[in-house]
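This is what each chain is made of:
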Amino acid sequence: MVSNRLPYTLRRAGDAWKVEKSAGGLATAMGPILRKTEGVWVGWSGDQSGVTDARRAGLLARWAERERYVAVDLPPETARGFYEGFSNQTLWPLFHNFPYLFRFDPADWDAYREANRLFCEAVLEQLRPGDMVWVHDYQLMLLPRLLREAAPEVRVGFFLHIPFPPSASFRILPRREELLRGLLGADLIAFHTHRYLQHFRDSVLRLLGTPSHMDKVEAGGRTVRLEALPIGIAPEEFTGLLDDDEKTGRMLTEMRERFRCCKVLLAVDRLDYTKGIPERLRAFRQLLTVSPESRGKVVLIQVAVPSRERIPMYGELRREVDGLVGKINGEFSTPGWTPIVYLRRNLPRAELAALYALADVAWISPLRDGLNLVAKEYVACQRDGAGVLLLSEFAGAAAEMGEAIMVNPYDEGRTAESVARALALPLSERRERMAALHRRVTHNNVFAWGERFIGTLREAASARTRHAAALPAELPAADAARAFREAESRLLLLDYDGTLVGYAKRPQDAKPPAELIRLLARLAQTPATTAAIVSGRSRGDIEGWFGDVRGLWLAAEHGAVIRPPGSREWEYSYTGYSPDWKRDVYPYLEHYADRTPGSFVEEKEFSLVWHYRMSDPEFGEWLANELAHDLEGMLADTPLRAVRGQKSVEVRPMWADKGEVMNRLTRECPAPAFLLAAGDDKTDEDLFARLPATAWTIHVGENQSRARFRLSGPGQVCLLLEELVAAGRVEVSRKTA
Ligand code: ADQ
């Protein structure tokens, strides 16, 4: 386990050392999992004093020995830039949708990189073969890749505890590509919600040009698995106290007595601007203002644990909250009643549990929150089912806690009304809502979460190993020729661009040389041999070049149309096609062509293609990502798809795929004894997918492919075809002899 903080924090107090329990969701959640798996926890001690002495070393050694907590030492300046700088003043505000609070200092970025590197070293020291590494959170986004580079076989999972922002916000971030690449070093990247996962996919497509499929993204020749896995809590850590701890019981009884005449609203937060504390206090003030009858009858207990106090913004927030509490209490208090009870400190868990059990309403209203554990802790403690959960729609937890009363914390007036509604909810309805929440919280607990994460990581990593082993092997050309010679019937499907000829700047310049045409003619006329060109090109191009080659099948536009040898007619592989969609899509692509010097739109019968091979490579790539991203949204519920090709983005109907050609050709040549297909890009993968496992599928190029074999380029493909033609001739002469 690797996270920024260990469950303990080391502090220099005068000339002594103090060990504190760290605040925050992570320590609460991970403790139980780690105990169960007997893993090592690697994290920063939190000490920024720069003092090193024997007592400190002794303390840290004891952590390692007794708890298996391994402390990473960060030089104070690195720690500051990494933690207070890039992590908490750049990433944190931006990821929580506070772009106006974010600041960027290149020196902080350097510190962030350096800290991630030091974490990597510390992990490598602990790493044994076969280990799994679970990396936590936004402070360590570069670590998965660093580990992958140092130990390519390591199994790495990453969990993001905070939201992943929409790509429009993420793009603001300087060094955004490095961060994405850092994460993509993992085998598994998990988020609290599907929404965050979608945002991540969007950014990967938009900024790196890498498309993804639902829960997978191909990066650096590996498949990275994506998951939405909302964290849970260990309910017994709270309910156990309520059941068996005498002190907790006593506190609860005392509090019940003290607040006998009041309804209790409870809020528990880290003192952070994302948690919406001032907004809540103002909404509470509104409630007291508009419903005078509530005065003396409700009390808000606001618990806030100070955090990140070295960052100026947090000090300002603390003063703002102090001020608001004072103002409201000054305005409304009576000798027998104070509206807000403000506890600004870390409470022992026993006291928290008692408060959770006591509260009539938990008022959880972050402006943005990755998930929010407090919501779940409250539900766990509400076993009599009488409490109400009031939850911000901007907390990740809202996605799985539908029975809560949802509020928009920015709308303080409506929030006040919702609080009044929560307080007035009939018991039967409260019970019904709470029972459903309670079941879910106990069932989807932190142990289930940990097991699912580890199970998925195990699966993802073993899929990677299988995948790597399945990289296409160099084609054994002599074996292919032998198989060809011995086969009674043969079928060959050949892509054109990138397979038989190289790419040219302009598509019309990639004409077939005369010797290629002669070679294909000889192949097509080899006895018992069916040969087809299967291209994404228009039928005009294909017919113009190969229309006179005797015996050759022609398939154009990815198999949407096909022409048998000797015929002048093209057959449609799909009837009922209407090109009306082009009217809407064309202007869109044209807009991109206008903005990008050297790019143009090609119209084919079934598709529209934006080509940018002649454009500035970087600008072209960038716009292609934008275009593919926009089209993905625009075409989502149409039968059309946008596909990234070689320096092109093509829009075409889903059914126009090279796999379709097989339907027609197997009628012509059923169950061929020798079946070969060669191609270089994604469209050819559709065809490979349709062929039996025994087929000679050949990927041309150096990429991952589902093909069994690979050849490096068109030159090698032509040499292979020469060999096959020769092998066929040998067979013919042997038979005639
Ligand atoms: P946090 O931002 O720390 O966590 P949260 O999920 O609410 O937010 O967890 C806070 C934890 O601290 C809870 O376990 C709570 O009991 C405890 N706590 C809060 N105030 C306390 C106090 N005064 N005294 C004692 N304990 C207190 C980050 C993300 C969240 C995400 C978690 C877990 O920001 O969105 O839910 O990680 O993934």
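Because the structure is predicted, anything quoted here is derived from the model rather than measured.

A. Representation of the sheet that holds strand 12 (residues 263-270). With respect to topology, six strands assemble into an open sheet ordered 14-13-12-15-16-17, the strand pairing being parallel. Sheet topology places strand 14 (340-343) and strand 17 (405-407) at the edges, where each strand pairs with a single neighbour. Averaged over all neighbouring strand pairs, the angle between strand axes comes to 20°, with direction disregarded. Note that strand 12 and strand 15 (residues 361-364) share two bridges and pair parallel. Within the sheet, the bridge partner assigned to Leu265 lies in strand 15 and is Val361.

B. Region of the structure containing the pairing of strand 21 (residues 552-556). Here strand 21 lies mainly inside the structure; five of its five residues are buried. Every second residue of strand 21 is oriented toward a common face, with Leu552, Leu554 and Ala556 on one face and Trp553 and Ala555 on the other, all of them buried. Of the strand pairs in this sheet, strand 20 (residues 529-534) and strand 21 are connected by four bridges, and their pairing is parallel. Bridge pairing in strand 21 links Ala532 to Trp553. The parallel pair strand 20 and strand 21 is bridged by helix 20 (residues 539-546), and the resulting crossover is right-handed. Sheet topology note: the strand 21/strand 22 (residues 561-563) ladder contains three bridges and is antiparallel. Across the sheet, Leu554 pairs through a bridge with Arg563, a residue of strand 22. Counted along the chain from strand 21 to the antiparallel partner strand 22, the turn is four residues long, and its residue Glu557 has a positive phi close to 45°.

C. Geometry of the domain arrangement of the protein. Parsing the protein into structural domains produces domain 1 (2-228), domain 2 (236-443), domain 3 (473-574 + 656-736) and domain 4 (579-653). Distance between the C-alpha centres of domain 1 and domain 3: 49 Å.

D. Examining helix 4 (residues 106-126) more closely. Look at helix 4: 31 Å from first C-alpha to last across 21 residues, which is about the 30 Å you get at 1.5 Å a residue. Among the residues of helix 4, those classed as buried are Asp108, Trp109, Ala111, Tyr112, Ala115, Asn116, Leu118, Phe119, Cys120, Ala122 and Val123. For helix 4, the capping residue at the N-terminal end is Asp105, with a side-chain oxygen 2.9 Å from the backbone nitrogen of Ala107.

E. Molecular detail of the packing of aromatic side chains. Scanning the entire structure with this criterion turns up 41 aromatic pairs. Centroid distance Phe86 to Phe104: 6.2 Å. Interplanar angle 75°. Geometry classified as edge-to-face. Separated by 18 residues along the polypeptide, Phe86 in helix 3 (residues 76-95) and Phe104 in the loop between helix 3 and helix 4 bring together distant segments of the chain. When its relative accessible area of 0% is taken as the criterion, Phe86 is described as buried. On the basis of relative accessible area, Phe104 is assigned to the partly exposed category, the value being 25%. One residue, Arg12, lies across the ring of Trp17, its end atom 4.6 Å from the ring centre. The ring of Trp92 has Arg308 lying over it, and the distance from NZ or CZ to the ring centre is 4.0 Å.

F. Geometry of the site of the ligand. Residues in contact with the ligand amount to 25 residues; listed here are only the nearest, His161, Leu347, Asp369, Leu373 and Glu377. Measuring from an oxygen atom of the ligand, one finds a side-chain N or O atom of Glu377 at 2.5 Å. Listed by contribution, the elements that provide at least two residues to the shell around the ligand are helix 1 (25-37), strand 12, strand 13 (298-305), helix 13 (349-358) and helix 14 (373-381). A breakdown of the residues in the shell around the ligand according to their chemical character gives eleven nonpolar, eight polar and six charged.

G. Up close: the side chain of Glu557. Within the secondary structure, Glu557 sits in the loop between strand 21 and strand 22. At 5.5 Å, Lys604 is the nearest oppositely charged side chain to Glu557, a buried residue that forms no salt bridge. A polar atom in the side chain of Glu557 sits 2.6 Å from the backbone nitrogen of Glu605. Setting aside residues no more than four positions away along its own chain, Glu557 makes contact with Ser535, Gly536, Arg537, Ser538, Lys604, Glu605, Phe606, Ser607 and Ala656.

H. Structural view of the sheet that holds strand 18 (residues 473-474). Pairing is mixed across the open sheet formed by nine strands, whose spatial order is 18-30-29-28-19-20-21-22-23. Two strands lie at the open edges of the sheet, namely strand 18 and strand 23 (571-572), each paired on one side alone. Relative to strand 29 (residues 696-700), strand 28 (residues 674-679) runs parallel, the two sharing four bridges. Along strand 29, the bridge assignment pairs Ala678 with Ile698. Against the sheet, helix 19 (residues 514-524) engages strand 19 (490-494), strand 20 and strand 21, with an angle of about 140° to strand 20.

I. The packing of helix 10 (residues 246-258) against helix 13, seen in detail. Packing of helix 10 against helix 13 brings their axes to within 9 Å, and their N-to-C directions diverge by 45°. Compared by their axis directions, helix 10 and helix 13 come out oblique. Classified by chirality, the crossing of helix 13 by helix 10 is right-handed. Residues Thr248, Met251, Leu252, Met255 and Arg256 of helix 10 form the contact with helix 13, whose participating residues are Ala350, Glu351, Ala353, Ala354, Leu355, Ala357 and Leu358. Among the residues making up the contact of helix 10 with helix 13, the classes are represented as nine nonpolar, one polar and two charged.

J. Quick look at the nonpolar core. Grouped together as the largest cluster of nonpolar side chains are 168 residues, with contacts concentrated most on Phe95, Ile189, Phe200, Ile301, Leu389 and Leu391. Looking at this core, the element that brings in the most residues is helix 4, giving nine residues. Both of domain 1 (2-228) and domain 2 (236-443) provide at least three residues apiece to this core. Of all hydrophobic cores here, the second largest spans 47 residues; its members include Leu516, Trp655, Trp696 and Val725.

K. Quick peek at empty space enclosed by the protein. For the structure on display, the rule yields four cavities of 30 Å³ or more. Around the largest cavity sit Gly387, Val388, Leu389, Glu403, Ala404, Ile405, Leu425, Glu429, Arg430, Arg433, Met434 and Leu437, which together line it. Those elements giving two or more residues to the lining of the largest cavity turn out to be strand 16 (388-392) and helix 16 (427-443). At five residues, helix 16 tops the list of elements feeding residues into the lining of the largest cavity. In terms of residue class, the lining of the largest cavity is built from seven nonpolar, one polar and four charged.

Cut-offs used in this document
Residues numbered from 1 in each chain as written. Predicted model: local features only at pLDDT ≥ 70, side-chain atom pairs only at ≥ 80, totals over all residues. Heavy atoms only, no water. Pairing = 2+ DSSP bridges. Helix = DSSP H or I, 4+ residues; strand = E, 2+ residues; numbered from the N terminus. Axes fitted to C-alpha atoms, helices over the stretch in contact; angles between N-to-C directions. Buried < 20%, exposed > 50% of the residue type's maximum accessible area, 1.4 Å probe, protein only. Right-handed = clockwise from strand over helix to strand, strands pointing away. Domains from an automatic or database assignment. Expected span 1.5 Å × (residues − 1). Polar contact = N/O pair within 3.5 Å; in protein donor to acceptor, adjacent residues only side chain to side chain. Phe/Tyr/Trp six-rings, centres within 6.5 Å; stacked < 30°, edge-to-face > 60°. Lys NZ or Arg CZ within 6 Å of the ring centre and 35° of its normal. Near = heavy atom within 4 Å. Nonpolar A, V, L, I, M, F, W, Y, C, P; charged D, E, K, R; others polar. Lys, Arg positive; Asp, Glu negative; His and termini not counted. Salt bridge = Lys/Arg side-chain N within 4 Å of Asp/Glu carboxyl O. Contact = heavy atoms within 4.5 Å. Parallel < 35°, antiparallel > 145°, perpendicular 65-115°, else oblique. Left-handed = near helix turned anticlockwise from the far one by under 90°. Core = buried A, V, L, I, M, F, W, Y, C linked by side-chain atoms within 4.5 Å. 1 Å grid on protein atoms, 1.4 Å probe; cavity = no way out; pocket = protein on both sides within 12 Å on 5 of 7 lines; lining within 4 Å. Points joined across faces, edges and corners; volume = space filled by probe spheres on them.

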